[in-house]
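Descriptive structure summary
Below, each chain spelled out in residue letters.
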Amino acid sequence: MPEPGDLAGRLRAAAEAGLLRGVPSGPTRLQRLGAGETYAAWLLLSGRLERVVRVPIRPVNRMPRPMAAEFEALQRVPPDLGSSAVALETGPGGTGGSGSDNPLGVPYMVTTHVRGRTLSPDDWRPELFAPLAARIARLHLALSAAVGRAGASGGPPPLRPASQEGESLLSWWREHHPQTLLDPRVVPLLDSWRRALERLDPAFDGALTHPLIHGDAVLTNIVLAPDGTPRFIDFEWAGPGDPAKDLALIGGQVVGGPWYAPMGRPEIAAFVTEYAGCLRRLSAEAAWTGAVPQARPRSGDRPTWEADARTADPQRLLARRDAWELLDRLPNLLYCLSLAEQSPRHARWADDLAAGLGAVLAAGR
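Here's what I pulled together on the structure shown here. (Residues numbered from 1 in each chain as written. Predicted model: local features only at pLDDT ≥ 70, side-chain atom pairs only at ≥ 80, totals over all residues. Heavy atoms only, no water.)

1. So, the overall build of the chain
Worth spelling out the cut-off: Under the DSSP-based scheme used, a helix requires at least four consecutive residues in state H or I and a strand at least two consecutive residues in state E, with every element numbered from the N terminus. Burial classes follow relative accessibility: with a 1.4 Å probe on protein chains only, a residue under 20% of its type's maximum area counts as buried, one over 50% as exposed, and anything between as partly exposed. Note on areas: Shrake-Rupley, 1.4 Å probe, and residue coverage restricted to the protein chains presented here.
Broken down by element type, the chain carries nine helices and eleven strands. Expressed as a percentage of the 365 residues in the chain, the buried residues total 51%. If you sum the accessible surface of the chain, you get close to 16,600 Å²; carbon and sulfur atoms cover 53% of it.

2. Description of the nonpolar core
We count it as follows: By nonpolar core is meant a set of buried Ala, Val, Leu, Ile, Met, Phe, Trp, Tyr and Cys residues that side-chain atoms within 4.5 Å join together. Residue contacts are defined here by distance: any two heavy atoms, one from each residue, within 4.5 Å place the two residues in contact.
Formed by 88 residues in total, the largest nonpolar core has its most connected members in Trp124, Ile250, Phe271, Leu326 and Leu333. Here the element with the most residues in this core is helix α8 (residues 314-339); it accounts for twelve residues. Contacts of Phe271, omitting those with residues within four sequence positions, involve Phe129, Leu132, Ala133, Ile136, Leu247, Ile250 and Met263. Grouped together as the second largest cluster of nonpolar side chains are 18 residues, Leu7, Ala8, Ala14 and Leu30 included.

3. Some words on the packing of aromatic side chains
In plain terms, the rule: Side-chain rings of Phe, Tyr and Trp, where Trp is taken by its six-membered ring, are said to pair if the distance between their centres is within 6.5 Å; with planes under 30 degrees apart they count as stacked, over 60 as edge-to-face, and otherwise as tilted.
Summed over all chains, the structure comprises five aromatic pairs. Judged by centre distance (6.1 Å) and plane angle (75°), the ring pair of Phe129 and Phe271 falls under edge-to-face. In this pair, Phe129 sits in helix α3 (residues 129-149) while Phe271 sits in helix α7 (residues 265-289), placing the two residues 142 residues apart along the sequence. By relative accessible area, which is 3% here, Phe271 ends up buried.

4. What to know about α8
Let me state the cut-off plainly: By this rule, a helix spans an expected 1.5 Å times one less than how many residues it contains.
Over its 26 residues, α8 runs 37 Å from end to end, which matches the ideal 38 Å to within 8%, given 1.5 Å per residue. Burial within α8 is extensive, with 20 of its 26 residues counted as buried.

5. A short note on the pairing of strand β1 (residues 29-35)
The line we're drawing: Here, strands pair whenever DSSP counts at least two bridges between them.
Examined bridge by bridge, β1 and strand β2 (residues 39-46) share six bridges and lie antiparallel to one another. Its bridge partner being in β2, Gly34 is matched across the sheet by Ala41. As consecutive antiparallel partners, β1 and β2 are separated by three residues.

6. Some thoughts on unusual backbone geometry
Although it is not a glycine, Asp234 sits at a positive phi angle of roughly 55°. As for its position among the elements, Asp234 is in the loop between β8 (230-232) and β9 (239-241). On the accessibility criterion, Asp234 (24% relative accessible area) is partly exposed.

7. Describing the packing of α8 against helix α9 (residues 344-362)
To be explicit about the condition: For every element, the axis is a line fit to its C-alpha atoms; helices are fit only across the contacting stretch, and the angle between N-to-C directions ranges from 0 to 180 degrees. Roughly parallel means an angle under 35 degrees; roughly antiparallel, over 145; roughly perpendicular, 65 to 115; everything else is oblique. Here a crossing is taken to be left-handed if its near helix is turned anticlockwise relative to the far helix by less than a right angle, and right-handed if that turn runs clockwise. Residues are grouped as follows: Ala, Val, Leu, Ile, Met, Phe, Trp, Tyr, Cys and Pro are nonpolar; Asp, Glu, Lys and Arg are charged; all remaining types, including Gly, are polar.
Where α8 meets α9, the closest approach of the two axes is 8 Å, and the angle between their N-to-C directions is 150°. As the angle between them shows, α8 and α9 are arranged roughly antiparallel. Crossing of α8 against α9: the hand is left-handed. Here α8 contributes Leu326, Arg329, Leu330, Asn332, Leu333, Tyr335, Cys336, Leu337 and Leu339 to the contact with α9, which in turn contributes His346, Trp349, Ala350, Leu353, Ala354, Leu357, Val360 and Leu361. Grouping the constituent residues of the contact of α8 with α9 by class yields 14 nonpolar, two polar and one charged.

Written out as structure tokens, the structure reads:
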């Protein structure tokens, strides 16, 4: 992969020459936004137009998900809810493979820019959670409608029970990073973690897979606009899933690193209740205005995902959210442990996650 400085020069030159897809030619200012696990991102300012260019920082055949999958999800995101798709170049030599179409020499993705700032976990205040719950409800409903308009056929599969999800996760870590499961911070957690997931299995009975959730709705992927409105970025892990997963990734009682807002049990319950109420209201408004295609079966008797009484039941959502908190935090603990020897901060975050998991599991939630 090109060095960051070299790539920045190519970006500016390509943008000013009008060779970068989705960016008009002309004088361009360039600002590096940062880098995550998979991409580095730059903000391009061309006149009044703002575009974000994301470039893989690892070989494309070693990326956890294809760029095209995220771009497809971004095409369905309403601009007022988060970053949306502008252009995609999937090959180092251009989509046509000619070797001369792509001035960067590496794949890249262009998206809209979401203005605002991310907050640290300690900066998230209780009054921010209700607006966030409403925005997540709006995002889930909008994405279900977008997939419906795109012609998804048939009905979604039922969600897998939490215990099955848990065993799949453990199998992956056992195959790829077996040493993490032998860590003394992990071993005492595993049996109680499994039992907790089994207790939460009934909440998944009859629940259907949502056609498209964010999939990584942690705090670092939530931007507060200047007016305080939350919007979503980084849809790399977007795909079919359980809406309750997005609710769990925001925060909870198990926290660590920059990802999760600390939330007490009353705050968690209020957050889920607010989400469920907003989902029902928005679904009813959409049905009344005809703005969103209804999710009842159009032919045959296979159901499709719908914000009905069962889907938006606060108690079932709360139980599934609790399951996803466990299903997310243990793998994140294992991830931090896999990097702990090279990264003191990941070692510290692993300690925090292990302590939080131990406390929640000991309480028998």
